[in-house]
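# Summary of the model geometry
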Amino acid sequence: MLLNAVVLLQSLTNGMGDLWQVLARELRNWGADSCGKFAAAAGLASTLGTLLTGPSIRLFGPRGHTVATTGCAAASSCLLGSATTDVAAYSALGPMALGSGRSHATSARIVNIGTSLGVPQGQLSAERNALNALVKVVAPALYATLFTFGSRRGMVGLPFYVTSCLLAASARCSR
């Protein structure tokens, strides 16, 4: 049950989707060119960070890896929520990279537990896909609402802070 809560909380944060570009325009006055450069750097950082997943799991163990990487992702969201300069925004790439492999150990554990209980992998996959489909519908609406609510109150970075809180709750459930 807790593993599914971890996955749900981490998945909800994917609702940021392309909203981060709107936030970048509001927080840092970025246009398409700046957003494109940052997205390329974030993609590279996330790819490199994901390559560290195996060594990280061996070093910290599955739970330690999940807590550490989820904490890094939460820190990255906090940094991005308050970053009003390019330098501040790019400083979030380090923790973003380290947080990129956060769901791998949890997903592997769910499969291991399911298999040991005799749950077919197809059923596990179907349930995960159903959860992801639900998140893809709910999360963008949640983040759009957070952006609207935050903007009206002078808290444009609110979606980033909520992301950080969801990730912190996910890390707490991982312990």
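Just above sits the structure.
Structure report, in brief. (Residues numbered from 1 in each chain as written. Predicted model: local features only at pLDDT ≥ 70, side-chain atom pairs only at ≥ 80, totals over all residues. Heavy atoms only, no water.)

### Regarding the pattern of salt bridges
Quick note on the threshold: The term salt bridge refers to a side-chain nitrogen of Lys or Arg lying within 4 Å of a carboxyl oxygen of Asp or Glu. Helix and strand labels come from DSSP, where a helix needs a run of H or I of at least four residues and a strand needs a run of E of at least two; each type is numbered from the N terminus. For the exposure calls, accessible area comes from a 1.4 Å probe over protein chains only, and a residue counts as buried if that area is under 20% of its type's maximum, exposed if over 50%, partly exposed in between.
Within the structure shown, the criterion is met by 1 salt bridge. Residues Asp 33 and Lys 37 are paired through a salt bridge, measuring 3.2 Å at the closest nitrogen-oxygen approach. With Asp 33 and Lys 37 both in helix α3 (residues 32-51), this residue pair falls 4 residues apart, about one helical turn. You'll find Asp 33 and Lys 37 in the same group, each marked exposed.

### Remarks on the nonpolar core
Filter applied, for reference: What we call a nonpolar core is a set of buried Ala, Val, Leu, Ile, Met, Phe, Trp, Tyr and Cys residues that are connected through their side-chain atoms within 4.5 Å. Note on contacts: a residue pair qualifies if any of its non-hydrogen atoms lie within 4.5 Å across the two residues.
Of all hydrophobic cores here, the largest spans 29 residues; its most connected members are Trp 20, Leu 23, Trp 30, Phe 38, Leu 80 and Phe 160. The set of elements that each furnish at least two residues to this core consists of α1 (2-12), α2 (19-28), α3, α6 (93-98), α8 (121-152) and α9 (158-174). If sequence neighbours within four positions are ignored, Leu 23 has contacts with Met 16, Arg 28, Phe 147, Val 156, Pro 159 and Phe 160.

### Some words on a nonpolar patch on the surface
Heads up, the rule is: Only residues whose relative accessible area exceeds 30% and that form no salt bridge are eligible for patches; like-charged ones are grouped when within 9 Å, while nonpolar side chains (Val, Leu, Ile, Met, Phe, Trp, Tyr) are grouped when within 5 Å. The method behind every accessible area is Shrake-Rupley, applied with a 1.4 Å probe, and residues are considered shielded solely by the protein chains displayed.
Where nonpolar side chains cluster on the molecular surface, the patch consists of Leu 134, Val 137, Val 138 and Leu 142 and spans about 340 Å² of accessible area. You can see Leu 142 is positioned in helix α8. On the basis of relative accessible area, Leu 142 is assigned to the partly exposed category, the value being 32%.

### Regarding helix α7 (residues 104-116)
Selection rule: To estimate the expected span of a helix, subtract one from its residue number and multiply by 1.5 Å. Each direction from the helix axis to a C-beta atom contributes to the arc, which is the arc of those directions.
The end-to-end C-alpha distance of α7 is 18 Å, a good match for the 18 Å that 13 residues give at a rise of 1.5 Å each. Within α7, the full set of buried residues consists of Ala 105, Thr 106, Ile 110 and Gly 114. Buried positions in α7, seen along its axis, are confined to an arc of 165° and lie on one side of it. Of the surrounding secondary structure, the elements contacted by the buried residues of α7 are α1, α4 (53-82) and α8. Gly 118 occupies a position one or two residues after α7 and carries a positive phi of about 85°.

### With respect to the packing of aromatic side chains
What counts here: Stacked, edge-to-face and tilted labels apply to pairs of Phe, Tyr and Trp rings (six-membered ring for Trp) whose centres lie within 6.5 Å, assigned for plane angles under 30 degrees, over 60, and everything in between, in that order.
This model, assessed by the stated rule, comprises 4 aromatic pairs. Seen in terms of ring centroids, Trp 30 and Phe 38 are 5.3 Å apart; in terms of plane orientation they differ by 50°. Their pairing is tilted. Here Trp 30 and Phe 38 have matching classes, each one buried. Taking the centre distance of 6.2 Å and the plane angle of 45° together, the rings of Trp 30 and Tyr 90 count as tilted. Taken as a pair, Trp 30 in the loop between α2 and α3 and Tyr 90 in helix α5 (residues 86-91) lie far apart in primary sequence, 60 residues in all. Judged by its relative accessible area of 31%, Tyr 90 is partly exposed. Joined through ring pairs, the aromatic side chains of Trp 20, Trp 30, Phe 38 and Tyr 90 make up one cluster.

### Brief notes about the side chain of Thr 163
Its place among the elements puts Thr 163 in helix α9. Taking relative accessible area as the criterion, Thr 163 reaches 4% and is therefore assigned buried. Once residues lying within four places of it in the same chain are set aside, the contact partners of Thr 163 are Thr 13, Met 16, Ser 77 and Tyr 143.

### Regarding α3
The end-to-end C-alpha separation of α3 is 28 Å, in line with the 28 Å expected for 20 residues at 1.5 Å each. Taken together, the buried positions of α3 are occupied by Cys 35, Phe 38, Ala 42, Ala 45 and Gly 49. Down the axis of α3, the sector holding all buried residues measures 95°, keeping them to one side. Exposed residues pointing more than 90 degrees away from the buried face of α3 are listed as Ala 32, Asp 33, Lys 37, Ala 40, Leu 44 and Leu 51. Those residues of α3 that are buried are in contact with α2, α4, α5 and α6.

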